[in-house]
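Here's the letter readout for the chains.
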Amino acid sequence: MPDSWLDIAPDAQFGPATLPYGVFSTGDDPTTRPGVAIGDQVLELGAAARALDAPFADTVSGPDLDALLAAGRPVWDQVRAAVTAWLTDPAHEAAVRPHLVERASVTLHLPFTVADYVDFYASEHHATNVGRIFRPEQEPLTPNWKHLPIGYHGRSGTVVVSGTDIVRPTGQRKPPTEPVPVFGPSARLDIEAEVGFVVGTPSPMGERVAVDDFADHVFGVFLLNDWSSRDLQAWEYVPLGPFLGKSFATSISPWIVPVSALESARVEQPAQDPEPLPYLKGSQPWGLDLRLEVRLNGHLISNPPFSQMYWTAAQQLAHMTVNGASLRTGDVYASGTVSGPEVAQRGCFLELTWSGKEPLRLPDGTERAFLEDGDEVTITATAPGPEGTRIDFGEVTGRILPAR
Ligand SMILES: O=C(O)/C=C/C(=O)CC(=O)CC(=O)O
Ligand SMILES: [Ca+2]
Ligand SMILES: [Mg+2]
């Protein structure tokens, strides 16, 4: 991995191995435009591409990443190779430097138009814990769980960029002590630490996408917080699954890490028993060694390991299309809550506090069963990059505002 002429410290965020894509504006220029993060700078992609006469300049000059997403794998590879060369070959420094902006000075926006949104349930540890909590009288994993990646369709219109405040949801809930449901602000507001995937290349209705075609369709990977109201959810979810308890907000990190930045992070997923049906089998490993960290008001509360997920993103894509459902550019799907086997690896408060029975004690002396107004949750992640480098995912953060 060549170094950048920008002299980025080895431990700095967003070294030349990551080169994630985002959309930014500045105080001087409120136009939203694509950028690439490099160290503490953002490269204005369209302006740099025009200055260097790149053939893809139009594709990266729009208000968002939509055109790049739609352009497909050969263009994604061409853009990444070009940007890598611009930022690492000193011969390009004079042409590229005028198009760098201080990262601390930019405003980041939702980077693409979110088409459909699906959320999976792929952590065996999470699904087992949630099953024990929500359905104590049953087997924790439902009989289908190891045969197919379970998911549900979510609400794409409430996917928001990191930093957006989250208003506490209001709705119906039925405390066990009450004979009828009560109406009011959620008293059990939670997070779900997840990894998101965005589709670039669409697929036609009626056709399946194979597990091995994952990298032809999926453009990039990011962090996602599926805010969840456990009291609304517990009352509404039978028999159709999550609805208003999840649909009020989903936050995503602003920097989209290209799938091709993750070659060194690919690992074998945990062994699958029973063996999945042929359409869920691929010839390549698509487990990903992403190490998540979850912070509440700055305090580290969990380290969920993404490498432990039972179903991979490639299997989820194949499953999502096995019935002939089409893919659209901008489709988002999320892994499901990432939880590992240890208590300190759980990806939501429902599990971390065992439904509020074992509150977390924070270093500031306070306790939390679920989120309070004013609380801020931040999820970060890194993954191994080539030659000992580190791939950064930046962060997804959000603060809870009181119910309206
Ligand atoms: O098992 C249930 O009834 C509910 C599970 C969840 O709330 C988790 C969910 O949204 C999927 C996930 O993030 O893993
Ligand atoms: Ca979820
Ligand atoms: Mg949600």
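Residues numbered from 1 in each chain as written. Chains lettered and ligands numbered in written order. Predicted model: local features only at pLDDT ≥ 70, side-chain atom pairs only at ≥ 80, totals over all residues. Heavy atoms only, no water.

### Overview of the coordination of the calcium ion (ligand 2)
- Looking at the calcium ion (ligand 2), one finds its protein donor set to be Asp119 (OD), Glu192 (OE), Glu194 (OE) and Asp226 (OD), positioned 2.2 to 2.3 Å from the metal centre.
- Bound by six donor atoms, the calcium ion (ligand 2) shows angles of 76 to 166 degrees at the metal and therefore irregular coordination geometry.
- Of note, the calcium ion (ligand 2) draws all its donor residues from one chain, in the sequence arrangement D-x72-E-x1-E-x31-D. Each member of the pair Glu192 and Glu194 is classed as buried. (Donors = N, O, S within 2.8 Å, 3.2 Å for Na, K, Ca; no water. Tetrahedral: all angles 85-135°; square planar, octahedral: opposite > 155°, others 65-115°. Buried < 20%, exposed > 50% of the residue type's maximum accessible area, 1.4 Å probe, protein only.)

### Considering the domain arrangement of the protein
- In terms of domain boundaries, the protein breaks down into domain 1 (21-108) and domain 2 (117-401).
- Taken over C-alpha atoms, the centre of domain 1 sits 29 Å from the centre of domain 2.
- Every contact between the two is made by 18 residues of domain 1 and, on the other side, 19 residues of domain 2.
- Buried surface at the junction of domain 1 and domain 2, both sides included, amounts to about 1,400 Å², of which 68% is carbon and sulfur. (Domains from an automatic or database assignment. Contact = heavy atoms within 4.5 Å. Buried area = accessible area lost by both parts, 1.4 Å probe.)

### Here we look at the site of ligand 1
- Contacts to ligand 1 come from 17 residues, most closely from Tyr121, Arg135, Gln233, Lys246 and Thr337.
- In this structure, Glu192 approaches ligand 1 through a side-chain N or O atom, which is 3.0 Å from an oxygen atom.
- Contact between ligand 1 and Glu194: an oxygen atom at 2.9 Å from a side-chain N or O atom of the residue.
- Of all elements in the fold, only strand S6 (117-120), helix H5 (124-134) and helix H7 (230-236) reach the threshold of two or more residues within the shell around ligand 1.
- Here the shell around ligand 1 takes three residues from H5, the largest share from any one element. (Near = heavy atom within 4 Å. Polar contact = N/O pair within 3.5 Å; in protein donor to acceptor, adjacent residues only side chain to side chain. Helix = DSSP H or I, 4+ residues; strand = E, 2+ residues; numbered from the N terminus.)

### Observations concerning the sheet that holds strand S25 (residues 376-384)
- Taken together, the five strands give an open sheet; going across it, the order is S9-S26-S25-S20-S21, and neighbouring strands pair in mixed fashion. The outermost strands of the open sheet, each flanked by one partner alone, are strand S9 (166-167) and strand S21 (299-302).
- Pairing of S9 with strand S26 (residues 390-401), which is carried by two bridges, proceeds in the parallel orientation. Paired with Ile166 across the two strands is Ile400, which belongs to S26. (Pairing = 2+ DSSP bridges.)

### A look at the packing of aromatic side chains
- This model, assessed by the stated rule, comprises 13 aromatic pairs.
- Seen in terms of ring centroids, Trp76 and Phe219 are 5.2 Å apart; in terms of plane orientation they differ by 80 degrees. Their pairing is edge-to-face. With Trp76 in helix H3 (residues 73-88) and Phe219 in strand S14 (residues 218-225), this pair connects stretches of sequence that are 143 residues apart.
- Between Phe197 and Phe214, the ring centres sit 6.3 Å apart and the planes meet at 70 degrees, which makes this aromatic pair edge-to-face. In this pair, Phe197 is assigned in strand S13 (residues 193-199) and Phe214 in helix H6 (residues 214-217), connecting sequence segments 17 residues apart. Accessibility classification places Phe197 together with Phe214 in one group, the buried group.
- Cluster of aromatic residues (ring-pair linked, three or more members): Phe120, Phe197, Phe214, Trp286, Phe306 and Tyr333.
- The ring of Trp286 carries the charged tip of Arg266 above its face, separated from the ring centre by 3.5 Å. (Phe/Tyr/Trp six-rings, centres within 6.5 Å; stacked < 30°, edge-to-face > 60°. Lys NZ or Arg CZ within 6 Å of the ring centre and 35° of its normal.)

### A word on the side chain of His299
- Note that His299 resides in strand S21.
- Beyond its immediate stretch of four places on either side in the chain, His299 contacts Val294, Leu362, Pro363 and Asp364.

### Quick word on the nonpolar core
- Among the nonpolar cores identified, the biggest contains 70 residues, and Phe197, Phe214, Leu292, Tyr333 and Phe393 are the most heavily contacted of them.
- For this core, the leading source of residues is helix H9 (residues 313-321), giving five residues.
- When sequence neighbours within four positions are dropped, the list of residues in contact with Phe393 reads Phe14, Val221, Phe222, Leu223, Ser253, Trp255, Val257, Leu262, Leu290, Ala381, Thr382 and Ala383.
- Counting 38 residues, the second largest nonpolar core, distinct from the first, contains Trp76, Val79, Phe219 and Leu224. (Core = buried A, V, L, I, M, F, W, Y, C linked by side-chain atoms within 4.5 Å.)

### Overview of the environment of Thr397
- In this structure, Thr397 sits in strand S26.
- What makes Thr397 buried here is its relative accessible area of 10%.
- It is 9.7 Å that separates the C-alpha atoms of Thr397 and Leu223, two residues lying 174 residues apart in sequence.
- Among all residues touching Thr397, those that are not within four sequence positions of it are Ser162, Gly163, Thr164, Glu376, Val377 and Thr378.
- For Thr397, the side chain forms a polar contact with the main-chain oxygen of Val377, separated by 3.2 Å.

### Observations concerning the pattern of salt bridges
- Inspection of the entire model under this criterion finds 21 salt bridges.
- When the shortest N-O distance is used, the salt bridge between Glu93 and Arg97 registers 2.9 Å.
- You can call Glu93 partly exposed: its relative accessible area is 25%.
- Here Asp190 makes a salt bridge to Arg230, at a shortest N to O gap of 2.8 Å. With Asp190 in strand S12 (residues 189-190) and Arg230 in helix H7, this pair connects stretches of sequence that are 40 residues apart.
- You can call Asp190 buried: its relative accessible area is 0%.
- On the basis of relative accessible area, Arg230 is assigned to the buried category, the value being 2%.
- Members of the salt-bridge network, linked through shared partners, are Asp190, Glu192, Asp226, Arg230 and Lys246. (Salt bridge = Lys/Arg side-chain N within 4 Å of Asp/Glu carboxyl O.)

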